[in-house]
Amino acid sequence: MAAILIVPGLHDSGPDHWQTWFEHRLGDTRRVDQADWENPRLAGWAARVGEVIAAQNEAVWIVAHSFGCLAAVRAGYLWPGRVRAALLVAPADPDRFGLAALLPQERLRFPSMIVASNDDPWVRATVAERWAGVWGSSYRNIGSAGHINVDSGHGPWPQGLAFFEELRRAALALQL
């Protein structure tokens, strides 16, 4: 089976975060470590995601959160054919970081799904939905769920795992 890259956001995802729970539930996961979890820099973070993508024997699945979504999208765009699909949960608003121009402004070359909430302090639902449209991502709004992290009650997250399985099935069906 192809590797699943876990791409955390700012401050990494701690032991109680849903991404860590995913690591324990799914086989063949690799967490992408960043040199500096406190200072998100798109070029550096995306380069690191790209290094991990390149180190795998086959195309990867990506499960990203927050600023990690921005790094994963940029890296995936720069490594065409090496990403099977990407689950992008609670993506940070690129405009908050002045990065919108550095991200793809067209459909991604791999299937993707954006999961957002109505009350995320890092991105308005309308902004997440707009980026889903730009990237050709399917879009799921899960209501009032905050930043979809530990602080908003998302440690074990079966709904997120179901979204990932839905995305994988859709991506595999496209390959047939």
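Up top is the structure.
These numbers come from a predicted model, not from an experiment. Each residue is numbered by its place in its chain's sequence as written, counting from 1. In keeping with the predicted nature of the model, local features appear solely for residues at pLDDT of at least 70, side-chain atom pairs appear and are counted solely at 80 or more, and the whole-chain, interface and lining totals rest on all residues. Side-chain descriptors were evaluated using all non-hydrogen atoms of the structure, hydrogens and water having been removed beforehand.

1. What about the packing of aromatic side chains?
Counted only if it meets this: Two aromatic rings, drawn from Phe, Tyr or Trp (for Trp, its six-membered ring), form a pair once their centres lie within 6.5 Å of each other, and the interplanar angle then sorts them: stacked below 30 degrees, edge-to-face above 60, tilted otherwise. Throughout, exposure labels follow a simple rule: accessible area from a 1.4 Å probe, protein chains only, divided by the maximum for the residue type, with under 20% read as buried, over 50% as exposed, and the rest as partly exposed. Lysine NZ or arginine CZ positioned within 6 Å of the ring centre and within 35 degrees of the ring normal marks a charge as sitting over the ring.
Counted by the stated rule, this structure contains 10 aromatic pairs. Here the aromatic rings of Trp157 and Phe163 are separated by 6.4 Å at their centres, their planes lie at 70°, and the arrangement is edge-to-face. What makes Trp157 buried here is its relative accessible area of 4%. Here Phe163 falls in the buried class, since its relative accessible area comes to 9%. The ring of Tyr77 has Arg109 sitting right over it, with the charged end atom 4.2 Å from the ring centre. We note Arg168 situated over the ring of Trp61; from NZ or CZ to the ring centre the distance is 5.7 Å.

2. Focus on the pattern of salt bridges
Any two side chains of opposite charge can pair, so long as their charged atoms come close to each other. How we decide: Each reported salt bridge corresponds to a side-chain nitrogen of Lys or Arg within 4 Å of a carboxyl oxygen of Asp or Glu. Helix and strand labels come from DSSP, where a helix needs a run of H or I of at least four residues and a strand needs a run of E of at least two; each type is numbered from the N terminus.
As enumerated under the stated definition, the model contains eight salt bridges in all. A salt bridge links Arg31 to Glu23; the nearest nitrogen and oxygen atoms lie 2.4 Å apart. The residue Glu51 makes a salt bridge to Arg48 at a minimum N-O spacing of 3.0 Å. Of the two residues, Glu51 and Arg48 are both situated in helix H2 (residues 42-55); the distance of three residues between them amounts to about one turn of the helix.

3. Re the sheet that holds strand S6 (residues 138-141)
This is how it is decided: For two strands to count as paired, DSSP must find a minimum of two bridges between them. Every axis corresponds to a line fitted to the C-alpha atoms, with the helix fit spanning only the stretch in contact, and the corresponding angles, defined between N-to-C directions, vary from 0 to 180 degrees. Any pair of residues with heavy atoms lying within 4.5 Å of one another is described as a contacting pair.
Spatially, six strands are ordered S2-S1-S3-S4-S5-S6 in an open sheet, and the strand pairing comes out parallel. The outermost strands of the open sheet, each flanked by one partner alone, are strand S2 (29-31) and S6. Strand after strand, the sheet turns through a mean of 15° between neighbouring axes, direction not considered. Bridge count for strand S1 (residues 4-7) against strand S3 (residues 60-65) is four bridges, and the pairing is parallel. Bridge pairing in S3 places Ile4 opposite Trp61. Helix H1 (residues 18-25) rests against S1, S2, S3 and strand S4 (83-89) of the sheet, and its axis sits at about 155° to S3.

4. Regarding the nonpolar core
Going by this rule: Only buried residues count toward a nonpolar core. Its members are Ala, Val, Leu, Ile, Met, Phe, Trp, Tyr and Cys residues joined through side-chain atoms within 4.5 Å.
Within the largest apolar cluster, 38 residues are counted, with the highest numbers of intra-cluster contacts made by Leu5, Ile53, Ile62, Leu88 and Trp135. For this core, the secondary-structure elements that each account for two or more residues are S1, H2, S3, helix H3 (67-78), S4, strand S5 (112-116) and helix H4 (125-135). Ranked by residue count, the leading element in this core is H3, at seven residues. Excluding anything up to four places from it in sequence, Leu88 contacts Ala64, Cys69, Val73, Ser112, Met113, Ile114, Val115 and Trp135. Of all hydrophobic cores here, the second largest spans 24 residues; its members include Val63, Trp157, Phe164 and Ala171.

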